[in-house]
Amino acid sequence: MSKPKVAILRTTPETVVDDYRRAMKLADIDKHIDVSKVTILKDNISWHYPFPGANTTPWQMEGSILGLRDVGNNDIVCVQNETVVTRAKKGERLLKLDVVLNKYNIPVLYNFNPRDMKWIRYEPKAKMKALDWIFPKGIMIPDYFFGKNILHQPTVKCHIYTTTTGAMKNAFGGLLNESRHMTHSVIHETLVDLLKIQYEIHTGIFAVMDGTTAGNGPGPRTMIPEEKDVILASADQVAIDAVAAKMMGFNPMDDLLYVRLAHEEGLGIGRLEEMDIVGDSECCNENWCFHRGDNVASKLGGRPLWFGWGRKFQKLFFQTPIVYLFIFASFMYHDMLHWPLAGNKIFQNWKRESKWGKLFEQY
């Protein structure tokens, strides 16, 4: 069995779009997707505000589209989802993804819009680790996802619940509906289950990851952005997450349960010595010394409720109308406090001082 390929490239604002196309070719995208099928672009809008490192970048979107067209895959659709703290259409506009999608005439569908797709009950063939008992009435996924390729577009960043987040976590919003918050206490097992489902329903899976500005600390929104000037591409969702984590300073098999579980189940490779790392492979020797971190919301709410004393009350808190209190609190913290008091200032500085912020302005 051949080793999975992970392409890493150092990049610049002047070359980044073409570098994405080259990274996709280095990672053999033509061997891993069915070019006769529709490809879903699953971007990553962690926050509808343009916080550096949190979201799919416009150059990542543009490079992905051109990279697919390079191999003859012209039937491309972008699918968006929402969370309790994100609004898809607002994100498209503020993140300038709509500029790129309109430029290349890429239609946008929304998994929460019944006119675009319906949620149907799915019975996985693979044995589930968590989803079958989290959702005893049935696992619901969008009917539109069946029989299509999917290309994930995460960024290199930390996460308060999973330590890092990337290609595997990117399926979380697209495949699960608004009840997905109920899986947080078993989030690692959930990501493994979602990868199993993806293998069953998609004709091809691929990922490109943006590390031009990476997110250190309490992600996926309240982070410390750091310029790292790298991009990654791979068909192996486990491997690309492992390589990104290694550069961030984590041990993928020891520090990331979701990577180790997926590796052990044969869903991908989590050990770098078992991969074929191509391009600027010396990047893997870097250690950015990132840390997971916590913010006010995770310290006072998320972590104790999902992983501490609140676990015994999860049905009361999250499966009754009480959940709306937590949704409101999250909105107040992220949108009404953190963005105007800290996030927007970081964004404005990034636009003025960072070469990537200046590229963002050009879109």
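Below: a short report on this structure.

Cut-off values and rules
Residues numbered from 1 in each chain as written. Predicted model: local features only at pLDDT ≥ 70, side-chain atom pairs only at ≥ 80, totals over all residues. Heavy atoms only, no water. Helix = DSSP H or I, 4+ residues; strand = E, 2+ residues; numbered from the N terminus. Polar contact = N/O pair within 3.5 Å; in protein donor to acceptor, adjacent residues only side chain to side chain. Patch = residues over 30% accessible without salt bridge, like charges linked within 9 Å, V, L, I, M, F, W, Y side chains within 5 Å. Areas by Shrake-Rupley, 256 points an atom, 1.4 Å probe, with all protein chains shown as cover. Salt bridge = Lys/Arg side-chain N within 4 Å of Asp/Glu carboxyl O. Buried < 20%, exposed > 50% of the residue type's maximum accessible area, 1.4 Å probe, protein only. Contact = heavy atoms within 4.5 Å. 1 Å grid on protein atoms, 1.4 Å probe; cavity = no way out; pocket = protein on both sides within 12 Å on 5 of 7 lines; lining within 4 Å. Points joined across faces, edges and corners; volume = space filled by probe spheres on them. Pairing = 2+ DSSP bridges.

## Re the side chain of Thr 57
- With respect to the helices and strands, the residue Thr 57 is situated in the loop between strand E2 (39-43) and helix H3 (58-70).
- Here the side chain of Thr 57 touches Gln 60 through a polar contact of 3.1 Å, landing on its backbone nitrogen.
- There is a polar contact of 3.2 Å between the side chain of Thr 57 and the side chain of Asp 210.

## Quick notes on unusual backbone geometry
- Of the consecutive residues Gly 219 and Pro 220, the connecting peptide bond is found in the cis state with omega at 15 degrees.
- Take Pro 220: it is sitting in the loop between strand E10 (202-216) and strand E11 (224-234).
- With a phi angle near 55 degrees, Asn 105 is a residue other than glycine that sits in the positive phi range.

## Thoughts on a nonpolar patch on the surface
- On the surface, a nonpolar cluster with roughly 580 Å² of combined accessible area is contributed by Phe 328, Phe 331, Met 332, Met 336, Leu 337 and Leu 341.
- Among the structural elements, Leu 341 can be located in helix H14 (residues 323-353).
- By relative accessible area, Leu 341 is classed as exposed at 58%.

## Section: helix H11 (residues 257-264)
- Where H11 is concerned, the buried positions are Tyr 258, Val 259, Leu 261, Ala 262 and His 263.
- Buried residues along H11 sit in contact with strand E9 (163-165), helix H7 (167-175), helix H8 (187-201), helix H9 (237-248) and helix H10 (252-255).
- Gly 266 sits one or two positions beyond H11 and adopts a positive phi of about 75 degrees.

## Brief notes about the pattern of salt bridges
- Evaluated as defined, the whole model comprises 17 salt bridges.
- Residue Asp 28 is joined to Lys 5 by a salt bridge in which the shortest nitrogen-to-oxygen separation is 3.2 Å. One end of the pair, Asp 28, is in the loop between helix H1 (16-26) and helix H2 (29-32); the other, Lys 5, is in strand E1 (residues 5-10), with 23 residues separating them in the sequence.

## Some words on empty space enclosed by the protein
- All told, the structure shown has 1 cavity of 30 Å³ or more when counted by the stated rule.
- By volume, the largest cavity amounts to about 120 Å³.
- Taken together, the elements giving at least two residues each to the lining of the largest cavity come down to H3 and E10.
- Of the residues forming the lining of the largest cavity, the biggest block, 3 residues, is contributed by E10.

## Some thoughts on the pairing of strand E7 (residues 148-153)
- Counting buried positions along E7 yields 6 of 6 residues, so the element is predominantly enclosed.
- Taking every second residue as pointing to the same face, both faces of E7 are buried, with Lys 148, Ile 150 and His 152 on one and Asn 149, Leu 151 and Gln 153 on the other.
- Looking at chain direction, E2 and E7 are connected through 5 bridges and run parallel. Note that in E7 the partner of Thr 39 across the bridge is Asn 149.
- With 5 bridges connecting them, E7 and E10 associate as parallel partners. Counterpart to His 152 in the pairing with E10 is Ala 207.

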